[in-house]
Amino acid sequence: MIMVESKAQLEAWGLAIGQMKEQIGRVIVGQDEVIEQLLWCILAGGHALLEGIPGLGKTMLVKTIADTVDLSFARIQFTPDLMPADITGTNVIQFGTQGETSYKFQKGPLFGHVVLADEINRATPKTQSALLEAMQEKTVTVGSETYPLPSPFFVLATQNPLEQEGTYPLPEAQLDRFLLKIHVTYPTQRELKEIVLRTTSGRQQIAEKVADSALLRDIQSGLKEILVADDVLDYAVQLLMNTHPEEASAPEAVKKYLRFGSGPRGVQSMIAASKVRAFLAGRYHVSKQDLNTVAIPALRHRLFLNFEGQAMGISPDAIILSIISAMEKER
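Notes on the structure in this doc start here. A quick note: this is a predicted structure, and the numbers were derived from the prediction, not measured.

The next point concerns the pattern of salt bridges. Tallied over the entire structure, the rule returns 10 salt bridges. Here E119 makes a salt bridge to R122, at a shortest N to O gap of 3.4 Å. Among the residues examined, E119 registers a relative accessible area of 23% and is labelled partly exposed. Residue classification places R122 among the buried positions, given a relative accessible area of 17%. The shortest N-O distance in the salt bridge between R302 and D176 comes to 2.7 Å. Residue R302 is located in the loop between α12 (288-299) and β11 (304-305), and its partner D176 is located in the loop between α6 (172-175) and β9 (180-183); the two are separated by 126 residues in the primary sequence. Both residues of the pair, R302 and D176, belong to the buried class. By sharing partners, the salt bridges in this structure join D176, R265 and R302 into a single network.

Right, let's get into the pairing of strand β7 (residues 145-148). Note that strand β6 (residues 139-142) and β7 share 4 bridges and pair antiparallel. Across the sheet, the residue bridging to V140 is Y147, located in β7. Counting the residues that bridge the hairpin from β6 to β7 gives 2 residues, and of these G143 lies at a positive phi of roughly 65°.

What counts and what doesn't
Residue positions are counted from 1 within each chain, in the order its sequence is given. The model is predicted, so local features are restricted to residues of pLDDT at least 70 and side-chain atom pairs to those at 80 or more, both for listing and for counting; the totals for chains, interfaces and linings are taken over all residues. In computing side-chain properties, one takes all heavy atoms of the structure into account and sets aside hydrogens as well as water. Throughout this description, the term salt bridge denotes a Lys or Arg side-chain nitrogen within 4 Å of a carboxyl oxygen of Asp or Glu. Using a 1.4 Å probe on the protein chains alone, a residue whose accessible area is under 20% of its type maximum counts as buried, one over 50% counts as exposed, and one in between counts as partly exposed. Helix and strand definitions here come from DSSP, where helices need a minimum of 4 consecutive H or I residues and strands a minimum of 2 consecutive E residues; each element is numbered from the N-terminal end. For two strands to be treated as a pair, DSSP must find no fewer than two bridges joining them.

Following this line, the structure appears as C-alpha coordinates:
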(Lines give C-alpha, C1' and ligand atoms only; values in the text may rest on other atoms or scores of the structure.)
Protein backbone atom coordinates (compact mmCIF):
# COMPACT_ATOMS: atom_id res chain seq x y z
CA MET A 1 0.00 0.00 0.00
CA ILE A 2 1.29 3.47 -0.84
CA MET A 3 2.23 5.13 2.43
CA VAL A 4 1.27 8.81 2.19
CA GLU A 5 -0.56 11.15 4.51
CA SER A 6 -3.52 12.02 2.31
CA LYS A 7 -4.95 12.27 -1.16
CA ALA A 8 -4.10 15.97 -1.01
CA GLN A 9 -0.43 15.07 -0.73
CA LEU A 10 -0.60 12.92 -3.86
CA GLU A 11 -2.30 15.77 -5.70
CA ALA A 12 0.40 18.17 -4.48
CA TRP A 13 3.09 15.86 -5.83
CA GLY A 14 1.33 15.61 -9.18
CA LEU A 15 0.95 19.40 -9.29
CA ALA A 16 4.65 19.92 -8.55
CA ILE A 17 5.68 17.49 -11.30
CA GLY A 18 3.29 19.19 -13.72
CA GLN A 19 4.80 22.57 -12.88
CA MET A 20 8.29 21.15 -13.47
CA LYS A 21 7.30 19.98 -16.94
CA GLU A 22 5.71 23.35 -17.67
CA GLN A 23 8.85 25.26 -16.65
CA ILE A 24 11.08 22.93 -18.65
CA GLY A 25 8.83 23.51 -21.67
CA ARG A 26 9.42 27.27 -21.35
CA VAL A 27 13.10 26.74 -22.13
CA ILE A 28 13.29 23.48 -24.09
CA VAL A 29 11.50 23.14 -27.42
CA GLY A 30 9.96 19.71 -28.10
CA GLN A 31 11.83 16.65 -26.81
CA ASP A 32 8.69 15.58 -24.90
CA GLU A 33 9.75 11.94 -24.77
CA VAL A 34 13.26 12.83 -23.57
CA ILE A 35 11.87 15.08 -20.82
CA GLU A 36 9.42 12.38 -19.76
CA GLN A 37 12.15 9.76 -19.50
CA LEU A 38 14.46 12.13 -17.61
CA LEU A 39 11.67 12.71 -15.10
CA TRP A 40 11.27 8.92 -14.71
CA CYS A 41 14.98 8.81 -13.87
CA ILE A 42 15.05 11.70 -11.43
CA LEU A 43 11.85 10.76 -9.60
CA ALA A 44 13.11 7.18 -9.32
CA GLY A 45 16.42 8.42 -7.93
CA GLY A 46 18.51 7.05 -10.80
CA HIS A 47 21.13 8.28 -13.26
CA ALA A 48 20.65 8.82 -17.00
CA LEU A 49 22.86 8.55 -20.07
CA LEU A 50 21.76 10.89 -22.87
CA GLU A 51 22.99 10.05 -26.35
CA GLY A 52 22.64 12.45 -29.25
CA ILE A 53 24.60 14.55 -31.71
CA PRO A 54 25.95 17.95 -30.53
CA GLY A 55 23.65 20.95 -30.50
CA LEU A 56 20.41 19.24 -29.47
CA GLY A 57 20.18 21.02 -26.13
CA LYS A 58 21.23 18.16 -23.85
CA THR A 59 23.26 20.43 -21.57
CA MET A 60 20.53 23.07 -21.45
CA LEU A 61 17.91 20.43 -20.63
CA VAL A 62 19.88 19.08 -17.67
CA LYS A 63 20.57 22.57 -16.29
CA THR A 64 16.93 23.55 -16.69
CA ILE A 65 15.77 20.53 -14.70
CA ALA A 66 18.17 21.49 -11.91
CA ASP A 67 16.82 25.05 -11.97
CA THR A 68 13.19 23.98 -11.62
CA VAL A 69 13.86 21.99 -8.43
CA ASP A 70 16.30 24.42 -6.81
CA LEU A 71 19.17 21.94 -6.97
CA SER A 72 22.86 22.76 -7.22
CA PHE A 73 24.22 22.10 -10.70
CA ALA A 74 27.77 21.13 -11.69
CA ARG A 75 29.03 20.63 -15.21
CA ILE A 76 32.12 18.53 -15.88
CA GLN A 77 33.57 18.61 -19.39
CA PHE A 78 35.22 15.22 -19.84
CA THR A 79 38.49 15.26 -21.80
CA PRO A 80 41.31 12.72 -22.22
CA ASP A 81 43.55 14.63 -19.79
CA LEU A 82 40.92 14.85 -17.02
CA MET A 83 42.10 13.14 -13.83
CA PRO A 84 39.95 11.53 -11.08
CA ALA A 85 40.95 14.21 -8.53
CA ASP A 86 39.65 16.87 -10.94
CA ILE A 87 36.11 15.65 -10.36
CA THR A 88 36.16 14.12 -6.87
CA GLY A 89 38.39 16.69 -5.17
CA THR A 90 41.67 16.40 -3.35
CA ASN A 91 43.44 17.17 -0.07
CA VAL A 92 45.21 20.52 -0.07
CA ILE A 93 47.84 21.78 2.37
CA GLN A 94 46.89 24.67 4.65
CA PHE A 95 49.44 26.74 6.56
CA GLY A 96 48.62 28.10 10.01
CA THR A 97 49.69 31.38 11.58
CA GLN A 98 52.58 29.68 13.36
CA GLY A 99 53.79 27.87 10.26
CA GLU A 100 52.06 24.60 11.11
CA THR A 101 50.52 22.61 8.26
CA SER A 102 47.32 20.65 7.93
CA TYR A 103 45.30 19.01 5.20
CA LYS A 104 41.82 20.07 4.15
CA PHE A 105 39.64 18.29 1.63
CA GLN A 106 38.76 20.52 -1.30
CA LYS A 107 35.51 19.21 -2.82
CA GLY A 108 35.38 18.71 -6.57
CA PRO A 109 32.44 19.39 -8.91
CA LEU A 110 31.06 15.92 -8.17
CA PHE A 111 29.64 17.38 -4.95
CA GLY A 112 26.50 18.78 -6.57
CA HIS A 113 22.89 17.62 -6.65
CA VAL A 114 22.80 17.40 -10.44
CA VAL A 115 26.11 16.58 -12.11
CA LEU A 116 26.31 16.86 -15.89
CA ALA A 117 29.07 14.57 -17.15
CA ASP A 118 29.42 16.11 -20.61
CA GLU A 119 30.87 13.81 -23.30
CA ILE A 120 31.66 11.19 -20.68
CA ASN A 121 33.18 8.82 -23.23
CA ARG A 122 36.03 11.28 -23.90
CA ALA A 123 37.65 10.59 -20.51
CA THR A 124 40.04 7.73 -19.90
CA PRO A 125 38.81 4.59 -18.09
CA LYS A 126 40.70 5.69 -14.95
CA THR A 127 38.65 8.89 -14.74
CA GLN A 128 35.40 7.19 -15.75
CA SER A 129 35.87 4.71 -12.91
CA ALA A 130 35.95 7.58 -10.40
CA LEU A 131 32.21 7.93 -11.00
CA LEU A 132 31.39 4.34 -10.09
CA GLU A 133 31.43 4.77 -6.32
CA ALA A 134 29.57 8.07 -6.54
CA MET A 135 26.81 6.61 -8.73
CA GLN A 136 26.34 3.45 -6.70
CA GLU A 137 27.14 4.38 -3.09
CA LYS A 138 26.50 8.17 -3.25
CA THR A 139 29.89 8.70 -1.58
CA VAL A 140 33.42 9.72 -2.56
CA THR A 141 36.51 8.14 -0.99
CA VAL A 142 39.79 10.08 -1.02
CA GLY A 143 42.64 8.43 0.82
CA SER A 144 41.20 6.87 3.96
CA GLU A 145 38.25 9.27 4.26
CA THR A 146 34.78 8.76 2.79
CA TYR A 147 32.57 11.80 2.11
CA PRO A 148 28.80 11.65 1.52
CA LEU A 149 27.42 13.34 -1.58
CA PRO A 150 24.43 15.72 -1.45
CA SER A 151 20.94 14.24 -1.43
CA PRO A 152 19.36 13.91 -3.90
CA PHE A 153 22.26 13.15 -6.25
CA PHE A 154 22.07 12.48 -9.99
CA VAL A 155 24.65 11.92 -12.69
CA LEU A 156 23.23 12.88 -16.08
CA ALA A 157 25.86 12.02 -18.67
CA THR A 158 25.98 12.77 -22.39
CA GLN A 159 27.82 11.17 -25.27
CA ASN A 160 28.01 11.68 -29.02
CA PRO A 161 27.10 8.51 -30.97
CA LEU A 162 28.85 9.61 -34.17
CA GLU A 163 32.33 10.73 -33.16
CA GLN A 164 34.47 7.77 -32.13
CA GLU A 165 38.01 9.14 -32.56
CA GLY A 166 39.57 9.99 -29.21
CA THR A 167 36.79 8.37 -27.21
CA TYR A 168 36.79 5.55 -24.66
CA PRO A 169 33.58 3.46 -24.75
CA LEU A 170 31.99 3.06 -21.34
CA PRO A 171 32.62 -0.38 -19.80
CA GLU A 172 29.67 -2.66 -19.08
CA ALA A 173 29.92 -2.09 -15.32
CA GLN A 174 29.55 1.65 -15.76
CA LEU A 175 26.74 1.43 -18.30
CA ASP A 176 24.87 -0.77 -15.85
CA ARG A 177 24.87 2.06 -13.26
CA PHE A 178 22.64 4.19 -15.47
CA LEU A 179 18.94 3.64 -14.82
CA LEU A 180 18.05 4.64 -18.39
CA LYS A 181 19.81 5.37 -21.65
CA ILE A 182 17.89 8.11 -23.44
CA HIS A 183 18.20 8.86 -27.15
CA VAL A 184 17.91 12.59 -27.92
CA THR A 185 16.46 12.88 -31.42
CA TYR A 186 16.81 15.65 -33.99
CA PRO A 187 14.06 18.31 -33.82
CA THR A 188 11.32 18.58 -36.41
CA GLN A 189 11.23 21.47 -38.88
CA ARG A 190 8.63 23.29 -36.75
CA GLU A 191 10.64 22.75 -33.58
CA LEU A 192 13.84 23.89 -35.27
CA LYS A 193 12.15 27.13 -36.31
CA GLU A 194 10.97 27.72 -32.74
CA ILE A 195 14.49 27.02 -31.39
CA VAL A 196 15.93 29.68 -33.71
CA LEU A 197 13.28 32.21 -32.69
CA ARG A 198 13.91 31.61 -28.97
CA THR A 199 17.70 31.59 -29.08
CA THR A 200 18.26 34.57 -31.37
CA SER A 201 15.84 36.99 -29.74
CA GLY A 202 16.71 39.45 -26.99
CA ARG A 203 14.42 37.80 -24.45
CA GLN A 204 15.58 34.43 -23.20
CA GLN A 205 13.15 32.21 -21.31
CA ILE A 206 14.26 31.18 -17.81
CA ALA A 207 12.79 28.31 -15.80
CA GLU A 208 11.42 29.23 -12.38
CA LYS A 209 11.95 27.19 -9.23
CA VAL A 210 8.78 25.26 -8.41
CA ALA A 211 10.09 22.73 -5.85
CA ASP A 212 12.96 22.10 -3.47
CA SER A 213 15.16 19.14 -2.65
CA ALA A 214 13.06 18.17 0.40
CA LEU A 215 9.91 17.86 -1.73
CA LEU A 216 11.79 15.87 -4.35
CA ARG A 217 13.03 13.44 -1.70
CA ASP A 218 9.47 13.05 -0.39
CA ILE A 219 8.18 12.25 -3.89
CA GLN A 220 10.99 9.76 -4.49
CA SER A 221 10.27 8.01 -1.20
CA GLY A 222 6.51 7.94 -1.77
CA LEU A 223 6.66 6.62 -5.33
CA LYS A 224 8.63 3.59 -4.17
CA GLU A 225 5.38 2.43 -2.54
CA ILE A 226 3.50 2.22 -5.85
CA LEU A 227 2.02 -1.28 -6.07
CA VAL A 228 3.45 -4.02 -8.29
CA ALA A 229 1.22 -7.11 -8.55
CA ASP A 230 2.86 -10.55 -8.59
CA ASP A 231 1.82 -11.27 -12.18
CA VAL A 232 3.25 -7.90 -13.30
CA LEU A 233 6.53 -8.60 -11.49
CA ASP A 234 6.65 -12.08 -13.07
CA TYR A 235 6.17 -10.44 -16.47
CA ALA A 236 9.08 -8.04 -15.81
CA VAL A 237 11.35 -10.88 -14.70
CA GLN A 238 10.44 -12.99 -17.74
CA LEU A 239 11.06 -10.02 -20.05
CA LEU A 240 14.54 -9.72 -18.59
CA MET A 241 15.20 -13.46 -18.80
CA ASN A 242 14.22 -13.38 -22.47
CA THR A 243 17.19 -11.09 -23.19
CA HIS A 244 19.52 -14.04 -22.56
CA PRO A 245 20.37 -16.20 -25.60
CA GLU A 246 20.42 -19.40 -23.52
CA GLU A 247 16.83 -18.86 -22.30
CA ALA A 248 14.50 -21.40 -23.93
CA SER A 249 11.65 -18.89 -24.37
CA ALA A 250 13.88 -16.16 -25.86
CA PRO A 251 12.90 -15.03 -29.38
CA GLU A 252 15.02 -16.10 -32.34
CA ALA A 253 16.49 -12.60 -32.70
CA VAL A 254 17.94 -12.82 -29.17
CA LYS A 255 19.53 -16.21 -29.78
CA LYS A 256 20.89 -15.13 -33.14
CA TYR A 257 22.22 -11.63 -32.44
CA LEU A 258 22.96 -11.25 -28.71
CA ARG A 259 26.13 -12.26 -26.90
CA PHE A 260 24.91 -11.35 -23.42
CA GLY A 261 21.61 -10.16 -21.97
CA SER A 262 20.84 -7.79 -19.14
CA GLY A 263 21.87 -8.31 -15.53
CA PRO A 264 19.56 -7.94 -12.50
CA ARG A 265 19.81 -4.13 -12.51
CA GLY A 266 17.80 -4.22 -15.73
CA VAL A 267 14.62 -5.46 -14.06
CA GLN A 268 15.23 -3.18 -11.08
CA SER A 269 15.39 -0.23 -13.47
CA MET A 270 12.22 -1.30 -15.27
CA ILE A 271 10.25 -1.54 -12.04
CA ALA A 272 11.59 1.77 -10.68
CA ALA A 273 10.82 3.69 -13.88
CA SER A 274 7.43 1.97 -14.27
CA LYS A 275 6.34 3.13 -10.82
CA VAL A 276 7.00 6.73 -11.82
CA ARG A 277 5.26 6.30 -15.17
CA ALA A 278 2.21 4.82 -13.46
CA PHE A 279 1.98 7.77 -11.06
CA LEU A 280 2.34 10.29 -13.89
CA ALA A 281 -0.55 8.50 -15.62
CA GLY A 282 -2.70 8.86 -12.49
CA ARG A 283 -2.41 5.27 -11.28
CA TYR A 284 -1.05 3.81 -8.06
CA HIS A 285 -0.16 0.43 -9.53
CA VAL A 286 2.22 -0.70 -12.28
CA SER A 287 0.79 -2.24 -15.44
CA LYS A 288 2.40 -4.46 -18.04
CA GLN A 289 2.07 -1.60 -20.51
CA ASP A 290 4.24 0.53 -18.20
CA LEU A 291 6.90 -2.18 -18.37
CA ASN A 292 6.66 -2.43 -22.16
CA THR A 293 7.11 1.35 -22.44
CA VAL A 294 10.13 1.66 -20.14
CA ALA A 295 11.83 -1.54 -21.35
CA ILE A 296 13.69 0.07 -24.26
CA PRO A 297 15.43 2.92 -22.35
CA ALA A 298 15.99 0.61 -19.35
CA LEU A 299 17.55 -2.26 -21.30
CA ARG A 300 19.09 -0.88 -24.53
CA HIS A 301 22.47 -0.21 -22.86
CA ARG A 302 22.47 -3.57 -21.09
CA LEU A 303 22.30 -5.79 -24.18
CA PHE A 304 25.49 -6.75 -25.97
CA LEU A 305 25.43 -7.79 -29.61
CA ASN A 306 27.54 -10.64 -30.95
CA PHE A 307 29.63 -10.29 -34.10
CA GLU A 308 26.74 -11.18 -36.40
CA GLY A 309 24.45 -8.64 -34.73
CA GLN A 310 27.05 -5.90 -35.12
CA ALA A 311 27.77 -6.84 -38.75
CA MET A 312 24.05 -6.79 -39.59
CA GLY A 313 23.56 -3.41 -37.87
CA ILE A 314 20.93 -4.81 -35.51
CA SER A 315 19.87 -2.34 -32.81
CA PRO A 316 19.16 -3.36 -29.20
CA ASP A 317 15.86 -1.46 -29.48
CA ALA A 318 14.68 -3.78 -32.25
CA ILE A 319 15.58 -6.85 -30.20
CA ILE A 320 13.69 -5.53 -27.16
CA LEU A 321 10.65 -4.87 -29.34
CA SER A 322 10.83 -8.44 -30.66
CA ILE A 323 10.88 -9.75 -27.07
CA ILE A 324 7.84 -7.66 -26.13
CA SER A 325 6.01 -8.72 -29.30
CA ALA A 326 6.65 -12.41 -28.61
CA MET A 327 5.49 -12.10 -25.00
CA GLU A 328 2.34 -10.21 -26.03
CA LYS A 329 1.43 -13.02 -28.44
CA GLU A 330 1.70 -15.55 -25.61
CA ARG A 331 -0.73 -13.64 -23.38
